[in-house]
Amino acid sequence: MLVPADAWHKLLVWYGVVDAQPPLERKVVDLPSTLKVEVYPVEIFLCLHSNMENVITAQFSRADNIQSIQRAMCEAFAVTVGSECRLWMKSSDSSCERLRNIHMSVLDACLSSGMTVIMETRNADGTWPSSRPQIMRNSVEEQDSYRGQPGVCGLTNLGNTCFMNSALQCLSNTPPLTEYFLQSSYLEELNFTNPLGMKGEIAEAYADVIKQMWSGRHYSVVPRVFKTKVGHFASQFLGYQQHDSQELLSFLLDGLHEDLNRVKNKEYIELRDADGRPDQEVAEEAWRNHRRRNDSVIVDTFHGLFKSTLVCPECLKISVTFDPFCYLSVPLPVSKERVMEVFYVSLDPYAKPAQHRVVVPKAGKVLDLCSALCEMTSIPPAQMVVADVFNHRFYKIYNADESLSCILDRDDIFVYELSVLEEQQEEQVLLALYLRERSHYRDYGSGSSSYGTTLFGHPLLLNVPRSSCSQEALYTLFLQRLRRYVRPPDPSEELEEEEEEDDEQELYKTQTNGISDDEEQEGAEKAEPFQSDLCCGDSSSNSQSDDTATAKPLLDQNNTQPPPDHGDGETNNKSENPTEPICSADTTDTAKDVNPGTHSTEGAEISSKPPLPSNTTEEEQKEEDKQEEACSPSPKANEQPAKRRACRKRRKSLFTIQAVNSNGTTERGTGEGGSAVSFSSQPYVAIDWDPEMKKRFYNENEAEKYVKHSSMEVPQQQTTVQLQECIELFTTVETLEEENPWYCPVCKKHQLATKKLDLWSLPEVLIIHLKRFSYTKFTREKLDSIVDFPLRDLDFSGCLLRKNLSNGEPPSRYDLIAVSNHYGGLRDGHYTSYACNKDNGQWYYFDDSKVTYAREDQIVTNAAYVLFYHRQDKIRKPTLPAPNTSPTSTTQPANDITSCKDEEAEPSAASYVTMETD
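Given the structure is predicted, the values throughout are model-derived calculations rather than measurements.

K.L.:
Give a detailed account of the sheet that holds strand β24 (residues 707-708), specifying residues and quantitative values.
P.N.:
The strand order across the open sheet built from six strands is β16-β15-β17-β13-β14-β24, with neighbouring strands paired in mixed fashion. Of all strands in the sheet, those with a lone pairing partner are β16 (393-398) and β24, marking the two edges. Judged from the four bridges that link them, strand β13 (residues 337-345) and strand β17 (residues 413-417) form a sheet pairing that is parallel. Its bridge partner being in β17, Phe343 is matched across the sheet by Phe414.

K.L.:
Please set out the sheet that holds strand β3 (residues 42-48) residue by residue, giving values where relevant.
P.N.:
Pairing is mixed in the open sheet, where five strands are placed in the order β4-β3-β7-β5-β6. Two strands lie at the open edges of the sheet, namely β4 (51-60) and β6 (96-99), each paired on one side alone. Shown here is a sheet whose adjacent strand axes are inclined to one another by a mean of 30°, direction ignored. Where β3 lies against strand β7 (residues 116-121), four bridges are found, and the strand directions are parallel.

K.L.:
How would you summarise the nonpolar core if you had to cite specific residues and measurements?
P.N.:
One finds Leu171, Phe181, Tyr206, Phe226, Phe302 and Phe868 to be the most contacted residues of the largest nonpolar core, which totals 56 residues. In terms of residues, this core owes the most to one element, helix α5 (residues 201-213), which gives eight residues. In this structure, Leu171 is in contact with Leu177, Thr178, Tyr206, Leu249, Leu252, Leu253, Phe302 and Phe868, ignoring residues within four places of it in sequence. With 43 residues, the next largest nonpolar core counts Val429, Leu431, Leu474 and Phe478 among its residues.

K.L.:
Quick rundown of unusual backbone geometry? Include the residues and the values.
P.N.:
Positive phi outside glycine occurs at Cys110, with the angle close to 65°. Considering the arrangement of structural elements, one finds Cys110 in the loop between β6 and β7. On the basis of relative accessibility, which here comes to 54%, the residue Cys110 falls in the exposed class. With a phi close to 65°, Ser378 is a non-glycine residue in the positive phi region. Mapped onto the secondary structure, Ser378 falls in the loop between α10 (366-377) and β15 (384-390).

K.L.:
Give me the packing of aromatic side chains: which residues, what numbers.
P.N.:
Counted according to the given criterion, the structure contains 27 aromatic pairs. Seen in terms of ring centroids, Tyr180 and Phe181 are 5.3 Å apart; in terms of plane orientation they differ by 90°. Their pairing is edge-to-face. Neither Tyr180 nor Phe181 differs from the other in exposure class; each is buried. Each residue in the set Phe343, Phe394, Phe414, Tyr416, Tyr434, Tyr684 and Tyr706 is aromatic and connected to the rest through ring pairs, giving one cluster. Over the face of the ring belonging to Phe456 we find Lys694, whose NZ or CZ atom lies 4.3 Å from the ring centre.

K.L.:
Which residues make up the packing of helix α3 (residues 162-172) against helix α7 (residues 245-259), and what values do they have?
P.N.:
It is the contact of α3 with α7, at a shortest axis distance of 8 Å, that shows an interaxial angle of 55°. Taken together, the axes of α3 and α7 lie oblique to each other. Pair α3 / α7 crosses with right-handed handedness. Packed against α3, whose contacting residues are Phe163, Met164, Ala167, Leu168 and Leu171, the element α7 presents Ser245, Leu248, Leu249, Leu252 and Leu253 at the interface. Within the contact of α3 with α7, the residues separate by chemical class into nine nonpolar, one polar and no charged.

Rules of the game
Just so you know, the residues in each chain are numbered from 1, in the order the chain's sequence is written. In keeping with the predicted nature of the model, local features appear solely for residues at pLDDT of at least 70, side-chain atom pairs appear and are counted solely at 80 or more, and the whole-chain, interface and lining totals rest on all residues. Calculated side-chain values reflect all of the structure's heavy atoms, with hydrogen atoms and water omitted. Strand pairing follows a simple DSSP-based rule, namely that at least 2 bridges must link the two strands. By the criteria applied, helices consist of DSSP H or I runs no shorter than four residues and strands consist of E runs no shorter than two, each listed in order from the N terminus. Between N-to-C directions, angles cover 0 to 180 degrees, with each direction set by a line fitted to C-alpha atoms, over the stretch in contact for helices. Among buried residues, those of type Ala, Val, Leu, Ile, Met, Phe, Trp, Tyr and Cys that are joined through side-chain atoms within 4.5 Å constitute a nonpolar core. Relative accessibility thresholds used throughout: buried, under 20% of the residue-type maximum; exposed, over 50%; partly exposed, between the two (1.4 Å probe, protein chains only). The contact criterion used is simple: two residues touch if any of their non-hydrogen atoms lie within 4.5 Å. The criterion for an aromatic pair is that two Phe, Tyr or Trp rings (for Trp, the six-membered ring) have centres within 6.5 Å, with stacked assigned to planes under 30 degrees apart, edge-to-face to planes over 60 apart and tilted to the rest. To sit over a ring, a charge needs its Lys NZ or Arg CZ within 6 Å of the ring centre and within 35 degrees of the ring normal. An angle counts as roughly parallel when it lies under 35 degrees, as roughly antiparallel when it exceeds 145, as roughly perpendicular when it falls between 65 and 115, and as oblique in every other case. Each helix crossing is assigned a hand: it is left-handed if the near helix lies turned anticlockwise from the far helix by less than a right angle, otherwise right-handed if that turn is clockwise. Classes in brief: Ala, Val, Leu, Ile, Met, Phe, Trp, Tyr, Cys and Pro nonpolar; Asp, Glu, Lys and Arg charged; the others, Gly included, polar.

What follows is the structure, given as structure tokens:
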């Protein structure tokens, strides 16, 4: 019989109670649909994670909260008071689930009779028994014996996670936040219901990392669980790509704030404009409103207030608002100029290339580069052509009106002086010249026995009159242009070779790269000696026939026979070195005598079309790079036709000229109507050297020499800016961009208003983000200026809008406590951090899992990216003496901290910082 509690007590007073009759007290529980008396409570099994065999049974009402179960377990199992515990709920199918919210009722937690609740307590090293992470230790024996300085602990790089490690180390060395977590204050403030939060999971994962790092029992911690949680709630951090440490920091501070927000139900607050009210009144109202919706340890520690003033350019309406901030993103002064280093190649064949350093506008054109060079060389810009040289070929030949922003600092830029004809009647052709060396060895893997070619040396760009495009004229011109490092043969060195005329004809039949009979007939008048048998020879090898059908001719239908094709050079789109197979043959039986004379094309002219340019797009070129073979097939020297006719002697040339594409590989396929491609696109030719000839007549040492212009002697000044300058830039007036206009309530339309930010109040810990990554419509760059920031006494009193501080107001002086560094450029790089340990006052350098002592004079570098400052009135003095970091110290801390002189060198040294790429 169910009776109310009052009735039961009356019955007791009137009649008393029978011996051994306990009062069966039951609660009324609020079920989803009705109120119900809980006659049968929930009966659950309780045990400790450390001893799963010792199970006790207990009864709880569905209206009890999880905290009452935790208290009952602590009492039953005699758990030390103050131990940090967490509970797991285990159902019959043996799956476990965390009971995160201890304020939740048994009913809401879905606990039912027959389930088991397991309790675990945190280990002394900050880990949990159920998820003990992999710790980096030297040996198993040291697992529990290591004792180090709490907080001096590395973080393992899980794969491009240096950005996360750097941000975590800086936050870990922020005293108020770390003490809040170490004292477990966060447990009482976890907000599981905030729709903007992460159900307390980010705060718990962060607390786990901090407690492990500050246990003093680890060399290095693996933050894998934390990384997984971050990726779960912020998909941009999923996977193992490189990211920005400041972006992670922004997400983490926001996530911690929402997970620890003491405001459970946020009220709606309508924002009011200043409307002429005093700044003090508007600021206090704004801060009060902010705290009514946002109240957490993050707000207490990191939030400040700035004043935002917008002025309409049309009606001059002034709108003043006060907005909270968590960090200051301050711009760096951006120079409108850039310094470029280029190599200038003069027309004088005996002049070595000269390296120049020129100053050009950042948003300038290639013409501006030529104009700057003109001042040093007195050569008009119209006589210059600019090219990017990579791997012995032209990666790109620039037009004068192209933007300089597409030229990177690491590119090898060559500027070539071009010749100018006195009489301008004749058209000039800009010819790109590559140097190739034929291989000694045959490439049997390419499907035919052939010789490959390899690009070498520096390519050249030269202006050639249209009439001088014959083989003979080009041979003379190239020899003249290369004479600084190519020795012409002495008269005593008669380079003669016997050639069988018929062989020569047959050979040329196989080497025309597919010139059809009609094309050959058209070229007959100019090729009299070889006309007769040009189209009747046998194919010299079976392996050759396929290639011959598709190969491209060197010259068009108005030209005589092309020179033998001697294979291809490498192709490389700044990535790989494959080559493209083509048809070619040798003229003699030995590999070293593969140079036919130029007499075969004597008098031949390229009348209307260039030597086979490449008109492939960059995408096609990249695809071609991947697919082309490593070497070009050409027929064996001994596979020549057996016909023999009268022999004669002729002068042998140093090299042969071959039309190629922009990669330096011989063109394949046919051009328009079976002819070569027209002069409308850039022509490329290669001169092919036999290895023996190159060894005798080409001076490799001389070819690589260059001189430095006096402009290179002027030391480059590393631009240094004061942090104060950056803060002043932050508070200067700016006009809103078109993409981000302001809606004027008076004009009733969007306006490009002027905006000014002023600092009103500053937080206990001030984070300053240096905006090193500059993005505009035209350029993307990383600013490597050194920002000179003080380690102590950073005074903001001159920057604060409110000059007169009332009594009890904190001062505005700050000391540096941590720095996040970024080494590298836009696309790749490495993050590290400097931080001052709160307990001993010593600075450390954190590079992923490696931690070393740092000196204060090492901290200010051009890699500094995010600065952490602590207000002086809140800084407490170190409780421990600073460690001995002198090189004579005999004992070193065991967690990879070294104090040798070498280790104290600048951490940005190449040997010290491991660069990570995407």
